[in-house]
Amino acid sequence: MSATARKSAPMPDDIRAMKGDTPIVSLTAYTTPMAQMMDAHCDFVLVGDSVGMVLHGLPSTLGVTMEMMVLHGQAVARGLSTAMMVIDMPFGSYEEGPAHAFRNAARLMSETGAGAVKLEGGVAMADTIAFLVARGIPVMAHIGLTPQSINTLGGYKVQGRGAAGTALIADAQAVADAGAFSVVLEKVPEALADEITGAIDIPTIGIGASSGCDGQILVVDDMLGLFTAFKAKFVKRYAALGADGEAAIAAYAEDVRARRFPGPEHVFGDTAPVARP
């Protein structure tokens, strides 16, 4: 399925059907303008809880609220017409139990128009995933490095090295068996990501995983180089907008201080131009 040939947004089953066929393209976005730029090129766009760190300056994703996710989900939805929107369930919105998760997932979908929700966890979340799917909530799973568990993981470390890989394979199989239509593999060893991709019947979406995954996702701000101080190993920067933007702001400041801006072409005269017949 190519973005150029598609006339309407895919459904979760369409994404699932892409496994082993066409690589799935996705990015994380939080605003209408970004969503508009990626709409024609992505199969799905994720409204990630990383918005807390990227746009709100939070130290982790743990402070993100349902209200924040709804607000940014609505903004992204306004910019999409041909890409499916998936939205993250924030920390504390689904861990309590399946019924609690359903209420919050239903709210996210009904108030934003998202086509699916994403939640973190493998074996421990399998029952919740099955509960949601049985009640009409498509679920994208997320295993490996799960940022909402950063305090128990002890940092943003690679997950699944050595014997720990067995547990991640079990997590992947559990979410697939529970009915998730795809699973994000974050920051796992390449060989393990390839093994998981071959072992389950739903697409794997890699971020810091392997080119052998069924699809890839990055935070758009990362791949556009909007951050100048930090770049994760798994990020490829396709632009340097942060440096360009800072240079443009510096030039603007110089122009204002030198009274070069605004110029004659940026200001208005006392009389309006005469309308000609």
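Nothing here was measured: the structure is a model prediction, and the numbers come from that model.

Describing the overall build of the chain
Then, in step 1: Counting its secondary structure elements, the chain contains eleven helices and eight strands.
Then, in step 2: For the chain, the spread of C-alpha atoms along the principal axes amounts to about 75 × 40 × 35 Å.
Then, in step 3: In the chain, which comprises 277 residues, the proportion classed as buried is 48%.
Then, in step 4: Relative to all contacts within the chain whose residues are 6 or more apart in sequence, the contacts with residues 24 or more apart total 59%.
Then, in step 5: On the chain, roughly 13,800 Å² of surface is accessible, and the fraction owed to carbon and sulfur atoms is 58%.
Then, in step 6: In the chain, which carries 20 positive and 29 negative side-chain charges, the distance between the mean positions of the two groups comes to 5 Å.

Here we look at the sheet that holds strand β4 (residues 116-120)
Then, in step 1: Taken together, the eight strands give a closed barrel; going around it, the order is β1-β2-β3-β4-β5-β6-β7-β8, and neighbouring strands pair in parallel fashion. Averaged over all neighbouring strand pairs, the angle between strand axes comes to 25°, with direction disregarded.
Then, in step 2: Where strand β5 (residues 139-144) lies against strand β6 (residues 182-186), five bridges are found, and the strand directions are parallel. Looking at β6, one finds that I143 is bridged to L185.
Then, in step 3: In the packing of helix α8 (residues 165-178) onto the sheet, contacts are made with β5 and β6, and the angle to β5 comes to roughly 175°.

Focus on unusual backbone geometry
Then, in step 1: Residue F261 is joined to P262 through a cis peptide bond whose omega torsion reads 0°.
Then, in step 2: Mapped onto the elements of the fold, P262 is located in the segment after α11 (241-257).
Then, in step 3: At K187, a position not held by glycine, the phi torsion is positive, near 55°.
Then, in step 4: Tracing the chain through its elements places K187 in the loop between β6 and α9 (190-199).
Then, in step 5: Note on K187: relative accessible area 22%, which makes it partly exposed.

Basis of the calculations
- Residues numbered from 1 in each chain as written.
- Predicted model: local features only at pLDDT ≥ 70, side-chain atom pairs only at ≥ 80, totals over all residues.
- Heavy atoms only, no water.
- Helix = DSSP H or I, 4+ residues; strand = E, 2+ residues; numbered from the N terminus.
- Buried < 20%, exposed > 50% of the residue type's maximum accessible area, 1.4 Å probe, protein only.
- Contact = heavy atoms within 4.5 Å.
- Areas by Shrake-Rupley, 256 points an atom, 1.4 Å probe, with all protein chains shown as cover.
- Lys, Arg positive; Asp, Glu negative; His and termini not counted.
- Charge placed at Lys NZ, Arg CZ, Asp CG, Glu CD.
- Pairing = 2+ DSSP bridges.
- Axes fitted to C-alpha atoms, helices over the stretch in contact; angles between N-to-C directions.

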